[in-house]
Protein chains: 2
Amino acid sequence: MAAQSVGRRERVRQATLAEIRAAARRLLIEQGSQAVTINAVAREMGMSGPALYHYFAGHDELVGAVTADFFRELTAAVEAGRDSHPPGEHGPRLLGACRAMRRWAVTHRAEFGWVFASPITAERRPDSPRELAGRDFEQVFLEEVAELWRSRPFPVPAPGELHPSIRSQLRAYADATGMGLPVEAIHVVMSCWIRLYGLLCMEVLNQLDFVYPDMEAVFEECLREIAPRLGLDYEGPSDL
Amino acid sequence: MAAQSVGRRERVRQATLAEIRAAARRLLIEQGSQAVTINAVAREMGMSGPALYHYFAGHDELVGAVTADFFRELTAAVEAGRDSHPPGEHGPRLLGACRAMRRWAVTHRAEFGWVFASPITAERRPDSPRELAGRDFEQVFLEEVAELWRSRPFPVPAPGELHPSIRSQLRAYADATGMGLPVEAIHVVMSCWIRLYGLLCMEVLNQLDFVYPDMEAVFEECLREIAPRLGLDYEGPSDL
DNA sequence: TAAGAATACTTAGAGGCATTAAGCAAACAT
DNA sequence: ATGTTTGCTTAATGCCTCTAAGTATTCTTA
């Protein structure tokens, strides 16, 4: 009897959900995160106020859903950047993923800032869409790095060189995630990640524009410094 | 007739201003930045609502004043850390300043996050207390680095190695601030600053606690990597 | 196909926040 | 002693979140 597996009702509901998130995003882009309120979103789409509570339990959940959207979009962009190089070439694939991440960040400043520079809002449950999408995002990089390690291990510090505190924390993390890399390798990866990600956070938080209004070259320099630590050959961006 | 130069009235006013900022800070620490509202602050000190508008033009100005307080306190802490080493020893003084900055950040997480991870609120006028105090803070590091450079120049990249975009932006910055350092030296300083500051931002934004619940050692490692780039000898923290 | 149930939405309302306006009382200046 | 300035109050507007109650539409099913 059902021409489609989900039923018309559910389809309409999903469409409305998508429309709500789109309206919220529009408000974010055009008027800033402060403007993304339940009332404003409802108004934006011709509904009035409390109707949205049929779709989201409250403001926080709406925010979380929108954030998850952004994470998924960013993940897709990063995967596309990665896949612009053939499967075996882990070096170019990683650099492509990093560049895609920044490109998405600078072409979607409001969204990136919303995701990463948010005041770490309410206690986040590990099974919320936001956290799920966040882990998927991390996964893209972690997987590629793990494959890189397996195909061509990069140089790591000697076991004794690692500070005991860092070692034990990495040990706990490796055990918890079941990642196959030795702690020394994770350490190298994390220090690269911290530099890259920290730079991006500062760019989006406008903490550096007093000296660098345009950070493209600074980012490339960061990549050039990071690449050899992962045993990669740095290559300039393909669009140069 | 005035026994004191400022007059009793003005003194009382200043005391009330200080009390307001203190109440705002208490709310921030105990209930988060969201709780710092005009009404809540007024209630906190037994006044009712609109009274605060005799002291601050609005919510934004109150926020700015509190931020300036934090900047000043952080600046004093950094200066103290710097001055725990004699005036001529620029290396230890710089490391001391960096460590003091992190110590203040981790012992005042709410305040540091408020200052540095804020959504870069309203358009900031360059003469606001917040911006003034912010520049004073930067100045502490810049001055010490400039003295270091003059007393013992650190290695810099050859002029041709600098990306033209980076070079021209640094040129503009150097000209605007009238700092006496060559652009290559500023470049080294900035890349060190970005790493240090980016790490701190990520720590306070809780972006790294999924792997590093305790980042003390990670920070020291960052210092150890940065020190040689400024021609400094890294020395472990004094409290070890 | 005619109830009955679920769904989508509405308005009303409580309580909080930012901010302006109007007013009162104490402190100050002359 | 008087008039002004200052510190505060309450009232009121308009926005926000969120709950409650009610209506209409759609789906289900007997």
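Sequence order as written defines residue numbering, which begins from 1 separately in each chain. Numbering of ligands from 1 and lettering of chains from A proceed in the order in which they are written. Only residues with pLDDT of at least 70 get local features here, since the model is predicted, and only at 80 or more are side-chain atom pairs given and counted; chain-wide, interface and lining totals rely on the full set of residues. To obtain the side-chain values, all non-hydrogen atoms of the structure were used and water was disregarded.

1. Examining the packing of aromatic side chains
Piece 1. Two rings from Phe, Tyr or Trp (for Trp, the six-membered ring) form a pair when their centres sit within 6.5 Å of each other. Planes less than 30 degrees apart are called stacked, planes more than 60 degrees apart edge-to-face, and all others tilted. Counted according to the given criterion, the structure contains 24 aromatic pairs over all chains.
Piece 2. The interplanar angle of 80° and the centroid separation of 5.7 Å between the aromatic rings of Phe210(A) and Tyr173(B) together place this pair among those described as edge-to-face. With one member in each of two chains, Phe210(A) in the loop between α8 (183–204) and α9 (216–226) and Tyr173(B) in helix α7 (residues 164–177) form a pair that bridges those chains.
Piece 3. Only protein chains enter the calculation, and the probe is 1.4 Å; a residue is then buried if its accessible area is under 20% of its type maximum, exposed if over 50%, and partly exposed in between. According to the relative accessible area criterion, Phe210(A) is partly exposed, its value standing at 34%.
Piece 4. Taken together, a centroid distance of 5.0 Å and an interplanar angle of 55° make the contact between Phe141(B) and Trp193(B) tilted. Note that Phe141(B) is positioned in helix α6 (residues 129–151) and Trp193(B) in helix α8 (residues 183–204), a separation of 52 residues in sequence.
Piece 5. With relative accessibility at 17%, the residue Trp193(B) sits in the buried group.
Piece 6. One aromatic cluster is present, built from ring pairs that chain together Phe71(A), Phe112(A), Phe116(A), Phe137(A), Phe141(A), Trp193(A) and Tyr197(A).
Piece 7. Placement of a charge over a ring requires the Lys NZ or Arg CZ to be within 6 Å of the ring centre, with the centre-to-atom vector within 35 degrees of the ring normal. For Arg224(A), the ring lying beneath its charged end belongs to Tyr234(A), and the centroid distance is 5.4 Å. Per the convention used, a helix needs a DSSP run of H or I reaching at least four residues, while a strand needs a run of E reaching at least two, with both numbered from the N terminus.

2. A word on the domain arrangement of chain A
All names here are of chain A.
Piece 1. As annotated, the domain borders come from an automatic or database domain assignment. Domain boundaries assigned for chain A yield domain 1 (1–56) and domain 2 (66–230).
Piece 2. Averaged C-alpha coordinates put domain 1 and domain 2 at centres separated by 31 Å.
Piece 3. Every contact between the two is made by 7 residues of domain 1 and, on the other side, 9 residues of domain 2.
Piece 4. The buried area of a pairing is the accessible area, by a 1.4 Å probe, that goes missing from both parts when the two are put together, added over both. Taken as a group, Arg21, Arg25 and Leu28 account for 76% of the area that domain 1 buries against domain 2, more than any other trio of residues on that side.
Piece 5. A carboxyl oxygen of Asp or Glu within 4 Å of a side-chain nitrogen of Lys or Arg is what we treat as a salt bridge. Taken together, domain 1 and domain 2 are joined by 3 salt bridges.
Piece 6. For Glu111, the salt bridge is made with Arg25, and the minimal N-O distance between the two is 3.0 Å.
Piece 7. In protein, a polar contact means a hydrogen-donor-capable atom and an acceptor-capable atom, both N or O and within 3.5 Å, with residues adjacent in sequence counting only if both atoms are side-chain atoms; elsewhere, any N or O pair within 3.5 Å suffices. The tally of links between domain 1 and domain 2 comes to 3 residue pairs in polar contact (both at pLDDT 80 or more). Working rule for contacts: check all heavy atoms of both residues, and any pair within 4.5 Å makes them a contact.

3. Things to note about unusual backbone geometry
Piece 1. For Asn206(A), which is not a glycine, the phi torsion comes out positive at approximately 60°.
Piece 2. Following the sequence through the fold, Asn206(A) ends up in the loop between α8 and α9.

4. Comments concerning the pattern of salt bridges
Oppositely charged side chains can pair when the atoms bearing their charge come close.
Piece 1. Applying the stated rule across the entire model yields 33 salt bridges over all chains.
Piece 2. Taken together, the shared-partner salt bridges in this structure form one network comprising Arg82(A), Asp83(A), Arg93(A) and Glu144(A).

5. Quick look at the protein's contact with DNA strand D
Piece 1. Any residue with a heavy atom lying within 4 Å of a molecule or strand is counted as near it. Around DNA strand D sit 19 residues, and of these Asn39(A), Arg43(A), His59(A), His54(B) and Tyr55(B) come closest.
Piece 2. Here the atoms of DNA strand D within 4 Å of the protein split so that 63% fall in sugar or phosphate, with bases taking the remainder.
Piece 3. Within the side chain of Arg43(A), a nitrogen or oxygen atom sits 2.5 Å from a phosphate oxygen of DNA strand D.
Piece 4. Elements with a minimum of two residues in the surface near DNA strand D: α1 (8–31) and α2 (38–44) of chain A together with α1 (8–31) of chain B.
Piece 5. With 3 residues, the top contributor of residues to the surface near DNA strand D is α2(A).
Piece 6. Classification used: nonpolar for Ala, Val, Leu, Ile, Met, Phe, Trp, Tyr, Cys and Pro, charged for Asp, Glu, Lys and Arg, polar for all others including Gly. Taken together, the residues of the surface near DNA strand D break down into 7 nonpolar, 7 polar and 5 charged.

6. Quick word on the confidence of the model for chain A
Piece 1. Averaged over all residues, the pLDDT of chain A equals 92, while 95% of them reach at least 70.
Piece 2. In predicted models, pLDDT denotes the confidence assigned by the predictor to each residue on a 0 to 100 scale. Between the elements of chain A, mean pLDDT differs from a low of 91, seen in helix α5 (residues 109–116) of chain A, to a high of 98, seen in α2(A).

7. With respect to the interface of chain A and chain B
Piece 1. Contact with chain A, which involves 34 residues of that partner, is made by 34 residues of chain B.
Piece 2. Buried surface at the junction of chain A and chain B, both sides included, amounts to about 3400 Å², of which 62% is carbon and sulfur.
Piece 3. The three residues of chain A that bury the most area against chain B are Gln169(A), Ile194(A) and Tyr212(A), which together make up 16% of that side's buried surface.
Piece 4. Our count for the chain A to chain B interface comes out at 1 salt bridge.

8. Here's the deal with the nonpolar core
Piece 1. As used in this record, nonpolar core signifies buried Ala, Val, Leu, Ile, Met, Phe, Trp, Tyr and Cys residues forming a set joined through side-chain atoms within 4.5 Å. Core analysis: the largest hydrophobic core is formed by 158 residues, its most contacted members being Met101(A), Leu230(A), Val41(B), Met101(B) and Leu230(B).
Piece 2. Aside from chain neighbours lying at most four places away, what touches Met101(B) is Leu74(B), Val78(B), Phe112(B), Phe137(B), Phe141(B), Trp193(B), Tyr197(B) and Leu200(B).

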